[in-house]
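Below, each chain spelled out in residue letters.
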Amino acid sequence: MKLVLQNVAKDFGPQRVLDNLSLTLEKVHTLALIGPSGGGKSTLLRILAGLEYPTSGTVLLNDAPIVYREEELLRHRRSIGTVFQSFNLFPHLTALANLTLPLEKAHGHPPAAAREIARQLLARFRLSDHADKRPAELSGGQRQRIAIARAVAIKPRVLLFDEPTSALDPEMTGEVLDMIEELRAEGRDFVLVTHEMGFARRVADQVALLAHGRIAELGPVAQIFEHPTSQVTRDFLARILKY
Ligand SMILES: Nc1ncnc2c1ncn2[C@@H]1O[C@H](COP(=O)(O)OP(=O)(O)O)[C@@H](O)[C@H]1O
Ligand SMILES: [Mg+2]
């Protein structure tokens, strides 16, 4: 994907949460967003997803500006696959129905076609045994894998994931990261907020460190982790890699 931010700012009341972010990534497959808590990562991801309006500035995805008006955003959201930390699935629906609902309601697939797409995806990700279970009957890792399958089902232009493993224990984290890596290897484009530095290093091609609403550092993954130029990045990495 090509991603351009031009002076993107976001205020919540008196608080400036994103402070005139600008960047140009001509060709990036996985952009990892890292940085201290409260730095603005989720806000930026929600702006990319069209779930939040910027206060000012422009976002271009593959050369097309995201138009922050409700009708255009409805269309935009349908072209994006999002996965958040938790609470992604409808609790009263089975795994299968969680996949078919957006295919039918937002994308206009007839029920039988939606079921076919959903079943194929569940099979592909070795989740078929869970098709008829509700989220409460699944492990956290299985829930996130269903959520990822649902995000992929709509053939999104880009996948936006916000700390998809931070609510999971290490074993489940592994199975979710494996699935992301598989999708990455298929050539899907991601913007991924993560605290998993080892994983970011393995899958990301570009890394942006966001702190206090600013991009403290942006560059190829090896540069950020091996030769960080900003003190903010060095301090952050020292803190997060300490244990
Ligand atoms: N809906 C909101 N209303 C008011 N303040 C918010 C809202 N969402 C986020 N914030 C504030 O914006 C700042 C950045 O938050 P966030 O984007 O969640 O950071 P991160 O994901 O990097 O931890 C925080 O100070 C947070 O409290
Ligand atoms: Mg966040």
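Residues numbered from 1 in each chain as written. Chains lettered and ligands numbered in written order. Predicted model: local features only at pLDDT ≥ 70, side-chain atom pairs only at ≥ 80, totals over all residues.

(A) Seen up close, the overall build of the chain. Along its length, the chain carries nine helices and 10 strands. For a compact globule of 243 residues, the expected C-alpha radius of gyration is about 18 Å, and the chain comes in at 18 Å, within 12% of that figure. With the C-alpha coordinates of the chain rotated into their principal frame, the extents come out at 55 × 45 × 35 Å. Within the span of the chain, comprising 243 residues, buried residues form 39% of the whole. (Helix = DSSP H or I, 4+ residues; strand = E, 2+ residues; numbered from the N terminus. Rg over C-alpha atoms; globule rule 2.2 N^0.38 Å. Buried ≥ 20, exposed ≤ 12 C-beta atoms within 10 Å, placed from the backbone.)

(B) Structural detail: the packing of helix 3 (residues 95–105) against helix 5 (residues 140–153). Where helix 3 contacts helix 5, the two axes come as close as 9 Å, and the packing angle between them is 20 degrees. Relative to helix 5, the element helix 3 is oriented roughly parallel. Note on packing geometry: the crossing formed by helix 3 with helix 5 is right-handed. Mapping the contact onto sequence places A95, N98, L99, P102 and L103 in helix 3 and I146, A149, R150 and A153 in helix 5. Here the residues of the contact of helix 3 with helix 5 are counted per class, giving seven nonpolar, one polar and one charged. (Axes fitted to C-alpha atoms, helices over the stretch in contact; angles between N-to-C directions. Parallel < 35°, antiparallel > 145°, perpendicular 65-115°, else oblique. Left-handed = near helix turned anticlockwise from the far one by under 90°. Contact = placed C-beta atoms within 7 Å. Nonpolar A, V, L, I, M, F, W, Y, C, P; charged D, E, K, R; others polar.)

(C) Expanded view of the packing of helix 3 against helix 4 (residues 111–124). The N-to-C vectors of helix 3 and helix 4 enclose an angle of 135 degrees; their axes lie 9 Å apart at closest approach. The angle between the axes of helix 3 and helix 4 places the two elements in the oblique class. Considering the relative orientation of helix 3 and helix 4, their crossing is right-handed. Contacts between helix 3 and helix 4 involve L96, L99, T100, L103 and E104 from the former and P111, A114, R115, I117, A118, L121 and L122 from the latter.

(D) View of the site of ligand 1. For ligand 1, the full set of nearby residues is F12, V17, G35, S37, G38, G39, G40, K41, S42 and T43. With three residues, helix 1 (residues 41–49) is the single largest residue contributor to the shell around ligand 1. The class makeup of the residues in the shell around ligand 1 is two nonpolar, seven polar and one charged. (Near = placed C-beta within 6 Å.)

(E) Quick look at helix 6 (residues 170–185). Its 16 residues place the ends of helix 6 22 Å apart at the C-alpha level, agreeing with the 22 Å of an ideal helix rising 1.5 Å per residue. Regarding helix 6, the residues found buried are V176, L177, M179, I180, L183 and R184. When helix 6 is viewed along its axis, its buried side chains cluster within an angular range of 155 degrees and face the same direction. In helix 6, the exposed residues that point more than 90 degrees away from the buried face are P170, E171 and A185. (Expected span 1.5 Å × (residues − 1). Arc of directions from axis to C-beta.)

(F) Geometry of the sheet that holds strand 10 (residues 214–220). Strand order in the open sheet made by the six strands is 6-7-8-3-9-10, with mixed pairing throughout. Both edges of this open sheet fall to strand 6 (80–83) and strand 10, since each of them pairs with a single strand only. Taking the axes of each pair of neighbouring strands and ignoring which way they run, one obtains an average angle of 15 degrees across the sheet. Summarising the sheet, strand 9 (residues 206–211) and strand 10 pair through six bridges and their orientation is antiparallel. (Pairing = 2+ DSSP bridges.)

(G) Focus on unusual backbone geometry. Its identity is not glycine, yet K155 carries a phi of approximately 55 degrees, on the positive side. With respect to the helices and strands, the residue K155 is situated in the loop between helix 5 and strand 7 (158–162). Judged by C-beta crowding, with 10 C-beta atoms within 10 Å, K155 ranks as exposed. Despite not being glycine, H212 has its phi angle at roughly 50 degrees, a positive value.

(H) Geometry of the nonpolar core. Residues L33, L160, V191 and L209 are the most contacted members of the largest nonpolar core, which totals 60 residues. The leading source of residues in this core is helix 5, at seven residues. Once you skip the residues sitting within four places of it in the chain, L33 turns out to touch K41, L44, L45, V191, L192, V193, A208 and L210. (Core = buried A, V, L, I, M, F, W, Y, C linked by C-beta atoms within 7 Å.)

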